[in-house]
Amino acid sequence: RDITLLQAILAAGGLSRPGDGTVELSRESAEGRLTTTRILLKDIKSGKIPDPRLQPGDRIDIIR
């Protein structure tokens, strides 16, 4: 509960390779459709975008 994307990745053991850094965050919209957002982790770390809070049912995919 109340965990951010970066916190979830760290709790899962972090990234296995330094080059990994693009994530797809998929969640169900208010209309019931699955929406996917591609996020560059470096943008979160640099403060360019906020670290999104996860919601129940969110799916995180690390893109290689």
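The residue numbers shown here count from 1 along each chain, following its written sequence. Predicted model: local features are reported for residues with pLDDT of at least 70 only, side-chain atom pairs are reported and counted for 80 or more only, and whole-chain, interface and lining totals are derived from all residues. With hydrogens and water stripped out, all remaining heavy atoms of the structure feed into the side-chain values.

1. Remarks on the side chain of threonine 22
Every helix listed is a DSSP run of H or I at least four residues long, and every strand listed is a run of E at least two residues long, numbered separately from the N terminus. Along the chain, threonine 22 turns up in strand β1 (residues 22-28). Any two residues whose heavy atoms approach within 4.5 Å at even a single point are treated as in contact. Residue contacts for threonine 22: discarding those within four places in its chain leaves Arg38, Ile39, Leu40, Asp61, Ile62 and Ile63.

2. Let's talk about the pattern of salt bridges
The term salt bridge refers to a pairing of a side-chain nitrogen on Lys or Arg with a carboxyl oxygen on Asp or Glu at a separation within 4 Å. What the rule picks out here adds up to four salt bridges. A salt bridge links arginine 59 to aspartate 61; the nearest nitrogen and oxygen atoms lie 3.3 Å apart. The classification of residues rests on relative accessible area computed with a 1.4 Å probe and restricted to protein chains. Under 20% of the type maximum is buried, over 50% is exposed, and intermediate values are partly exposed. Given a relative accessible area of 29%, aspartate 61 falls into the partly exposed group.

3. Some details on the environment of aspartate 61
Tracing the sequence through the fold places aspartate 61 in strand β3 (residues 59-63). Along the primary structure aspartate 61 and arginine 38 are separated by 23 residues, whereas in three dimensions their C-alpha atoms are 9.4 Å apart. Sequence-distant contacts of aspartate 61, that is, excluding residues within four places in its chain, are made with Thr22, Val23 and Glu24. N or O atoms within 3.5 Å of each other form a polar contact, as long as, within protein, one can give a hydrogen and the other can take it, and as long as residues adjacent in sequence are counted only when both atoms are side-chain atoms. Within the structure, aspartate 61 has its side chain in polar contact with the side chain of arginine 59 (distance 3.3 Å).

4. Describing the sheet that holds strand β2 (residues 34-40)
Strand pairing is defined by DSSP finding a minimum of two bridges between the two strands. One open sheet holds the three strands; their spatial order is β2-β1-β3, and the pairing between them is antiparallel. Across the chains shown, the open sheet's two edge strands, defined by having one partner strand only, are β2 and β3. Across the sheet, the mean angle from the axis of one strand to that of its neighbour is 25°, orientation sign disregarded. Relative to β3, β1 runs antiparallel, the two being bridged by five bridges. Following the sheet pairing, glutamate 24 is matched in β3 by aspartate 61. Between N-to-C directions, angles cover 0 to 180 degrees, with each direction set by a line fitted to C-alpha atoms, over the stretch in contact for helices.

5. Here's the deal with a nonpolar patch on the surface
The patches reported here contain residues having more than 30% relative accessible area and no salt bridge. Joining distances are 9 Å for like charges and 5 Å for nonpolar side chains (Val, Leu, Ile, Met, Phe, Trp, Tyr). Per-residue and other accessible areas follow the Shrake-Rupley method at a 1.4 Å probe size, with only the shown protein chains counted as cover for residues. A cluster of nonpolar residues, Leu15, Ile60 and Ile62, forms a patch on the protein surface that exposes about 180 Å² of accessible area. Structurally, the position occupied by isoleucine 62 is in strand β3. Judged by its relative accessible area of 31%, isoleucine 62 falls in the partly exposed class.

6. As for the nonpolar core
For this analysis, a nonpolar core means a set of buried residues of the types Ala, Val, Leu, Ile, Met, Phe, Trp, Tyr and Cys, connected via side-chain atoms within 4.5 Å. Residues Leu5, Leu6, Ala8, Ile9, Val23, Leu25, Ile39, Leu41, Ile44 and Leu54 constitute the largest nonpolar core, which totals 10 residues. If you list the elements that add at least two residues to this core, you get α1 (5-11), β1 and α2 (41-45). The dominant element in this core, judged by the number of residues it contributes, is α1, at four residues. Excluding anything up to four places from it in sequence, valine 23 contacts Leu5, Ile9, Thr37, Arg38, Ile39, Leu41, Ile60, Asp61 and Ile62.

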